[in-house]
Amino acid sequence: MIKIEGVNKYFDDFHALTDINLEIGHGEVVVVLGPSGSGKSTLCRTINRLETIEEGTISIDSKILPEEGNQLAKLRADVGMVFQQFNLFPHLSIKENVTLGPIKVRKMKKAEADKLAMQLLDRVGIATQAEKYPAQLSGGQQQRVAIARALAMRPKVMLFDEPTSALDPEMVNEVLDVMTDLAKEGMTMVVVTHEMGFARKAADRILFMADGEIVEDTDPESFFNNPQSSRAKDFLGKILHH
């Protein structure tokens with residue numbers, strides 16, 4: 001579903017991603033872990049060209065991501081993204097936030113989009129909030145709206161860039177529960193997160209990154225119980241023993 005070949009990314013002189021090669025299968029849930037500054041979010045953001053790349057190719061469902069233009073917009077519509085900050089439109093109701101993409105981009109009729117929005121808001125547990133505005137919702141609720149909004153585009157792939165790191169601790173699980181359900185339903189997902197419990201439970205694969213490179217690519221059990229690299233051992237030592 002996602003194929004990344006020979007990707008390099010620079011920010012001026014800083015080599016943010018180094019020779020990334022990666023294939024992610026249909027329905028696979030890949031969790032990206034690593035210390036701050038390791039390139040996790042940059043990798044996630046290149047998959048829908050929110051970050052440009054200097055070298056290499058990225059394809060979604062066998063189509064190479066173009067540099068810009070209509071073709072990029074089309075492919076991008078197939079890739080849902082949920083950010084650290086919820087990025088909801090504050091002047092639109094919750095339902096309008098969810099229907100905007102399907103109506104504008106997918107040319108869906110308003111009645112159909114409304115119906116889809118209500119189904120998705122129900123699925124993420126906030127159908128009763130549909131007429132409210134983002135500022136009236138908690139952070140956890142807003143993030144669930146953001147997930148519903150991404151799903152409304154019927155994407156082939158969902159990217160999550162630290163979706164719980166801006167939330168109060170008691171709201172984290174309500175968002176992770178929605179993501180875990182999505183994973184069980186067979187959505188192809190790339191998740192950058194610090195939530196180790198989610199990584200253990202929901203991931204098919206763990207990518208561990210350090211200094212812009214993929215250092216380990218393995219299953220959760222192997223990664224958490226028997227990390228191969230000193231960087232991963234060091235990282236897990238700091239995280240798991242608090």
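Residues numbered from 1 in each chain as written. Predicted model: local features only at pLDDT ≥ 70, side-chain atom pairs only at ≥ 80, totals over all residues. Heavy atoms only, no water.

Q: Tell me about a negative patch on the surface, and name the residues and values.
A: Negative charge collects at one region of the surface, where Asp19, Glu54, Glu55 and Glu213 lie side by side. Position of Glu54 relative to the elements: it lies in the loop between α1 (40–46) and β4 (55–60). Looking at Glu54, the relative accessible area reads 42%, which means it is partly exposed. (Patch = residues over 30% accessible without salt bridge, like charges linked within 9 Å, V, L, I, M, F, W, Y side chains within 5 Å. Areas by Shrake-Rupley, 256 points an atom, 1.4 Å probe, with all protein chains shown as cover. Salt bridge = Lys/Arg side-chain N within 4 Å of Asp/Glu carboxyl O. Lys, Arg positive; Asp, Glu negative; His and termini not counted. Charge placed at Lys NZ, Arg CZ, Asp CG, Glu CD. Helix = DSSP H or I, 4+ residues; strand = E, 2+ residues; numbered from the N terminus. Buried < 20%, exposed > 50% of the residue type's maximum accessible area, 1.4 Å probe, protein only.)

Q: Account for the pairing of strand β2 (residues 14–24), naming residues and giving values.
A: The pairing of strand β1 (residues 2–11) with β2 spans 7 bridges and is classified as antiparallel. Across the sheet, Lys3 pairs through a bridge with Glu23, a residue of β2. Adjacent in sequence and paired antiparallel, β1 and β2 are bridged by 2 residues, among which Asp12 carries a positive phi angle near 55°. (Pairing = 2+ DSSP bridges.)

Q: Which residues make up the nonpolar core, and what values go with them?
A: Leu33, Ile147, Met158, Phe160, Met179 and Met189 are the most contacted members of the largest nonpolar core, which totals 52 residues. Sorting elements by how many residues they give to this core places helix α6 (residues 169–184) first, with 8 residues. Those residues in contact with Met158 that sit more than four places away from it in its chain are Gly80, Val82, Ile147, Ala150, Leu151, Leu182, Met187, Thr188, Met189 and Val190. Counting residues in each nonpolar core, the second largest holds 28 residues, with Val32, Ile58, Ile60 and Leu75 among its members. (Core = buried A, V, L, I, M, F, W, Y, C linked by side-chain atoms within 4.5 Å. Contact = heavy atoms within 4.5 Å.)

Q: Give a detailed account of the pattern of salt bridges, specifying residues and quantitative values.
A: In the structure shown here, the tally under the stated rule is 14 salt bridges. The partner of Arg205 in a salt bridge is Glu28, with the nearest N and O atoms 3.2 Å apart. On the criterion of sequence distance, the pair formed by Arg205 in strand β9 (residues 205–210) and Glu28 in the loop between β2 and β3 (29–33) is long-range, its members being 177 residues apart. When its relative accessible area of 13% is taken as the criterion, Arg205 is described as buried. Relative accessible area serves as the criterion here: at 18%, Glu28 is assigned to the buried category. The closest approach of N and O atoms between Arg231 and Asp211, which form a salt bridge, is 2.7 Å. In this pair, Arg231 sits in helix α9 (residues 230–240) while Asp211 sits in the loop between β9 and β10 (213–218), placing the two residues 20 residues apart along the sequence. Judged by its relative accessible area of 35%, Arg231 falls in the partly exposed class. Because the salt bridges share partners, they merge into one network encompassing Asp61, Asp78, Arg106 and Lys156.

Q: Run through the sheet that holds β9, naming residues and quoting values.
A: Two strands in a sheet stick together by hydrogen bonds in their backbones, pointing the same way (parallel) or opposite ways (antiparallel). Read from one edge to the other, the open sheet built from 6 strands follows the order β6-β7-β8-β3-β9-β10, with strand pairing classed as mixed. Sheet topology places β6 (79–82) and β10 at the edges, where each strand pairs with a single neighbour. The average undirected angle you get between the axes of adjacent strands in this sheet is 20°. Relative to β9, β3 runs parallel, the two sharing 4 bridges. Bridge pairing links Val32 to Leu207 in β9. (Axes fitted to C-alpha atoms, helices over the stretch in contact; angles between N-to-C directions.)

By themselves, these are just geometric observations and shouldn't be taken as functional.
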